Amino acid sequence: MADKIINLQYTTIKDPLPDFIYKNLEKYSQEANSYHPQPLELIERLAERHQVPKEMVYVTAGCDEAIQMFIHAFGERTYTFTPTYIVYSDAKEFGNKFTELYSLNNNKFDISTEKIKNATLIFLANPNNPSGFTEKCKVMELIENNTHAKVIIDEAYGDFAELSVIDQVIKYSNMAVLRSFSKGFGMAGNRIGYIIANPEVLSVVKNKAQWSNVSYLSIGAAIIALENEKYFENMRSGIAEVRDDIMDFLRSNGYDFLPSKINAVVIKFANEMKGTIFFNYLKDNGIVASHGNGFSNIGLDKSFVRIAVGNKNQMKKFKESLQKL
Ligand code: PMP
């Protein structure tokens, strides 16, 4: 039955946004009669949150908009480390050269930090989607070895891990960090994120977006969320707990999987046929996973199945299904 289907295809947060968000939106609704490009009230909060000057913060309609802005500004020869997030491959759609550097080694996401001679733009998701992560010192090695290119660290899941390199941005004019309210604050539908970069970098990329690019209601939702960060900290630790429980379960049942710091786990099967059988088994049991690249990754073949972390009840059903397999 359609209403019983558990959709674990996407890494959006499965719980609805708390009511205190919309209950406090009145002022933003009233003031939405005018444009609010780059509103100081949010920028100042973000600058304080990350301990950076406010001139280094630029608000975007999610990380996706920021990714496209960087591609438009610098993307002539774009590189990324795969498997990873699909939107970096928009570089190809916009007529640029796009190169994938396969970086899985024994089910571990392990990037090379060497100079990529030809690159004008390099994307690294950290923590990575579908899985894996790069230690902070390696991220900095990549940036230092590639001063001829712009290196973009996509921290869309940054609130789930202690890996952020935001504190380094002030020293490097060839880097930027992207952050999002979609995951750590559970509001993907509000389309709000931000870039942290030096003003000379921002002055180039900002011309690649609309001048007033984010809805004022979304700005309001982000401010209210930041005023209630404790709620979201609890939400994140709840998700991490469920994820770690799923990883323990998979480990003790003999599954190979990629260690994860985000709200998804990738299971690796011996071959594409085994991956397909597992994916179909889940589907027959009312659980939709992401098979191979699904809709949001590049660089995964069909021997990989990605499970987004659902709520406790959904994951209980997932475990029960696996126990019957
Ligand atoms: N970057 C990565 C690595 C992602 O996985 C996602 C969402 N799936 C995004 C960016 C998109 O973020 P936003 O909703 O802020 O555009």
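Residues numbered from 1 in each chain as written. Predicted model: local features only at pLDDT ≥ 70, side-chain atom pairs only at ≥ 80, totals over all residues. Heavy atoms only, no water.

Going by the annotation in an unreviewed UniProt entry, the name recorded for the chain is Aminotransferase, with Candidatus Woesebacteria bacterium GW2011_GWA1_39_21 given as the source organism. Of the comments in the UniProt record for the chain, the one headed Pathway (unreviewed entry) reads "Amino-acid biosynthesis; L-histidine biosynthesis; L-histidine from 5-phospho-alpha-D-ribose 1-diphosphate: step 7/9." Listed under Cofactor (unreviewed entry) in UniProt, the entry text for the chain is "pyridoxal 5'-phosphate". (UniProt positions renumbered as here; feature names shortened; annotations may be inferred.)

Undergrad: Run through the sheet that holds strand β15 (residues 290-291), naming residues and quoting values.
TA: Read from one edge of the open sheet, four strands run β12-β13-β17-β15, paired in antiparallel fashion. Unpaired on one side and paired on the other, β12 (256-258) and β15 mark the two borders of the sheet. Where β15 meets strand β17 (residues 304-308), two bridges bridge the pair, whose relative direction is antiparallel. Note that in β17 the partner of S290 across the bridge is R306. (Pairing = 2+ DSSP bridges. Helix = DSSP H or I, 4+ residues; strand = E, 2+ residues; numbered from the N terminus.)

Undergrad: Explain the domain arrangement of the chain to me, and be specific about the residues and the numbers.
TA: Examined at the domain level, the chain breaks down into domain 1 (6-15 + 230-324) and domain 2 (25-227). Here domain 1 and domain 2 have C-alpha centroids that lie 25 Å from each other. Tallying the contact residues gives 25 residues for domain 1 and 32 residues for domain 2. Together domain 1 and domain 2 conceal approximately 2300 Å² of surface at their shared face, both sides included; 63% is due to carbon and sulfur atoms. Considering only the side of domain 1, the residues that lose the most area to domain 2 are R236, K261 and I298, jointly responsible for 31% of the buried surface there. If you look at where domain 1 meets domain 2, you find zero salt bridges. Applying the counting rule to domain 1 against domain 2 returns eleven residue pairs in polar contact (both at pLDDT 80 or more). (Domains from an automatic or database assignment. Contact = heavy atoms within 4.5 Å. Buried area = accessible area lost by both parts, 1.4 Å probe. Salt bridge = Lys/Arg side-chain N within 4 Å of Asp/Glu carboxyl O. Polar contact = N/O pair within 3.5 Å; in protein donor to acceptor, adjacent residues only side chain to side chain.)

Undergrad: Describe the packing of aromatic side chains, naming the residues involved and giving the relevant values.
TA: A complete count under the given rule lists 15 aromatic pairs for this structure. Centre to centre, the rings of F181 and F185 are 4.8 Å apart; their planes meet at 40°, and the pair counts as tilted. By relative accessible area, F181 is classed as buried at 1%. When its relative accessible area of 0% is taken as the criterion, F185 is described as buried. Taking the centre distance of 5.9 Å and the plane angle of 55° together, the rings of F181 and Y194 count as tilted. With F181 in the loop between β10 (175-180) and β11 (193-197) and Y194 in strand β11, this pair connects stretches of sequence that are 13 residues apart. Grouping residues by exposure puts F181 and Y194 together as buried. Linked through ring pairs, F20, F181, F185, Y194, Y231 and F232 together constitute an aromatic cluster. (Phe/Tyr/Trp six-rings, centres within 6.5 Å; stacked < 30°, edge-to-face > 60°. Buried < 20%, exposed > 50% of the residue type's maximum accessible area, 1.4 Å probe, protein only.)

Undergrad: Now, about the sheet that holds β10: what can you tell me, with residues and values included?
TA: Strands sit in the order β2-β11-β10-β9-β8-β3-β5 across an open sheet of seven strands; the sheet is mixed. Since the sheet does not close on itself, it has two edges, and those belong to β2 (57-60) and β5 (97-102), each with one partner. Neighbour to neighbour, the strand axes of the sheet diverge by 20° on average, direction disregarded. Direction of pairing for β2 relative to β11: antiparallel, over a ladder of four bridges. Within the sheet, the bridge partner assigned to Y58 lies in β11 and is I195. Those strands touched by helix α6 (residues 136-145) are β3 (77-82), β8 (121-125), β9 (150-155) and β10, and its axis lies near 155° from that of β9. (Axes fitted to C-alpha atoms, helices over the stretch in contact; angles between N-to-C directions.)

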